[in-house]
Amino acid sequence: MDLDQLNQTIAKIEADVAASLTDLTAVDAVRGLDTSVLGKKGTLGSLISGIKDYPPDQRGQVGQTINAAKGRVKELINQRLAGLQSAADAAEASSAGAYDPTLPGLRLPMGSVHPVTAVQWEIERIFERLGFTVESGPEMETEYNNFEALNIPATHPARDMQDTFWVKNGMVLRTHTSPVQHRSMKKFGAPLRVIVPGRCFRYETIDASHENTFHQVEGLMIDRDISIPNLIAMSQTLLTEVMQREVKLRVRPGFFPFVEPGLEIDMNCQICDGKGCPTCKKSGWIEILPCGMVHPNVLTAGGIDPEEYTGFAFGLGLTRLAMMKFGIRDIRVLNAGDLRALVPPERLGGPILS
Ligand code: PHE
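Computed from a prediction, not measured in an experiment: that's the story for all the values here.

### Some details on the overall build of the protein chain
Next, step 1: Assigned secondary structure in the protein chain consists of ten helices and nine strands.
Next, step 2: What you see for the protein chain is a C-alpha radius of gyration of 39 Å, clearly larger than the 20 Å of a compact globule of 354 residues, by over 25%.
Next, step 3: Dimensions of the protein chain, computed from C-alpha atoms along their principal axes, come out at roughly 115 × 45 × 40 Å.
Next, step 4: The 354 residues of the protein chain split such that 42% are buried.
Next, step 5: When contacts within the protein chain are restricted to residue pairs at least 6 apart in sequence, long-range pairs at least 24 apart make up 68% of them.
Next, step 6: Averaging the coordinates of the 36 positive side-chain charges in the protein chain and doing the same for the 42 negative ones gives two points 6 Å apart.

This is the structure in structure tokens:
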């Protein structure tokens, strides 16, 4: 076989392989070509053994020609195998995986949540039922929103009540969630029912009952004829539902520039049941709900006519309430990132999971 004949033979074998591959639909039959064409005794493979019949100076080229052809055939076989595989995959997917939109979804197991989150969710549920919406505001606030709009001018001694983290750009880390009172009045006008869970910051020395970073839930209800009995009734409902037991409340006068009159609503200490312990500083009571009737200046600053509307506002100590609910005696646990402090789903209570 001279070189021309060799080339023709090879071309013919390649053409045959290409033609037969289109007919072969069984993977095993395609794999069979590995032996019948490429194998030592195969149509192409066996040509190698003829190399020795060529003059020495042609043998190298003959070998290369045959091997190149073997490479091309191998490639054809592999392509065909890949084609058959993806056709098989598609067929399986369409017969087995017909999509049934009526099947129930998978219920993923719920993880544990932070005690503050757990109580926050509960409070949101309670207030949503009462027609309140849940709002939020920025943790870094303007001085105006945090103080002035709340009837606390720069010269007012009440600024000293809350030790403030000042940010270099003249902003503050909000010392309470009350600035969102002003934001909500501006945004929605009256009548208005909002709660605002959120993180607050104060320049405090940290100990078992003080943190520089803690949570409050602001509440604001503005309408015609809102009065203190509404506020007290709401407090009783809220605290009883969160604690899931009867709680005792005590109402004292309190001072906050943005309410008039201002009140402090205390709850009997849930850790010692009112007997007196380090958490309640032996008083048996926990300050939980500072509140009052919205000051006319605050309504005016928010664009609401104090002649027409009245309202109450409160700043629930969410962190403190979470400590009461879950019997946590040291506030530092809450910001420590300790996974042992998390609340497992079964302790969240049924309604939250639904
Ligand atoms: N913002 C007050 C505080 O953090 C609490 C408060 C809110 C009091 C709303 C009255 C009304 O101390």
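### Description of the domain arrangement of the protein chain
Bring the parts together and some accessible area is lost; that lost area is often taken as the interface size.
Next, step 1: Partitioning the protein chain into structural domains gives domain 1 (3-96) and domain 2 (115-347).
Next, step 2: Computed from C-alpha coordinates alone, the two centres of domain 1 and domain 2 are separated by 80 Å.

### Digging into the packing of aromatic side chains
Next, step 1: Inspection of every chain in the model, using the stated rule, returns six aromatic pairs.
Next, step 2: With 6.0 Å between their ring centres and 40° between their planes, F256 and F258 make a pair best called tilted. An identical accessibility class is assigned to F256 and F258; each is buried.
Next, step 3: One aromatic cluster is present, formed by F127, F132, F312 and F314 through successive ring pairs.

### Points about the site of the ligand
Next, step 1: Residues in close proximity to the ligand total 15 residues, the closest being H176, S178, R202, Q216 and G315.
Next, step 2: H176 is positioned such that a nitrogen or oxygen atom in its side chain is 2.9 Å from a nitrogen atom of the ligand.
Next, step 3: Measuring from an oxygen atom of the ligand, one finds a side-chain N or O atom of Q216 at 2.9 Å.
Next, step 4: Contact with the protein chains hides 95% of the accessible area of the ligand, taken as 330 Å² for the molecule alone.
Next, step 5: For the shell around the ligand, the secondary-structure elements that each account for two or more residues are β5 (213-223), β8 (285-294) and β9 (310-317).
Next, step 6: When residues in the shell around the ligand are grouped by element, the largest group, three residues, is from β9.
Next, step 7: Taken together, the residues of the shell around the ligand sort by class into seven nonpolar, six polar and two charged.

### Some thoughts on the nonpolar core
Next, step 1: With 46 residues, the main nonpolar core has I123, F314, L316 and L321 as its most contacted residues.
Next, step 2: Among the nonpolar cores identified, the runner-up in size contains 20 residues, and I10, L21, I66 and L81 belong to it.

Basis of the calculations
Residues numbered from 1 in each chain as written. Predicted model: local features only at pLDDT ≥ 70, side-chain atom pairs only at ≥ 80, totals over all residues. Heavy atoms only, no water. Helix = DSSP H or I, 4+ residues; strand = E, 2+ residues; numbered from the N terminus. Rg over C-alpha atoms; globule rule 2.2 N^0.38 Å. Buried < 20%, exposed > 50% of the residue type's maximum accessible area, 1.4 Å probe, protein only. Contact = heavy atoms within 4.5 Å. Lys, Arg positive; Asp, Glu negative; His and termini not counted. Charge placed at Lys NZ, Arg CZ, Asp CG, Glu CD. Domains from an automatic or database assignment. Phe/Tyr/Trp six-rings, centres within 6.5 Å; stacked < 30°, edge-to-face > 60°. Near = heavy atom within 4 Å. Polar contact = N/O pair within 3.5 Å; in protein donor to acceptor, adjacent residues only side chain to side chain. Areas by Shrake-Rupley, 256 points an atom, 1.4 Å probe, with all protein chains shown as cover. Nonpolar A, V, L, I, M, F, W, Y, C, P; charged D, E, K, R; others polar. Core = buried A, V, L, I, M, F, W, Y, C linked by side-chain atoms within 4.5 Å.

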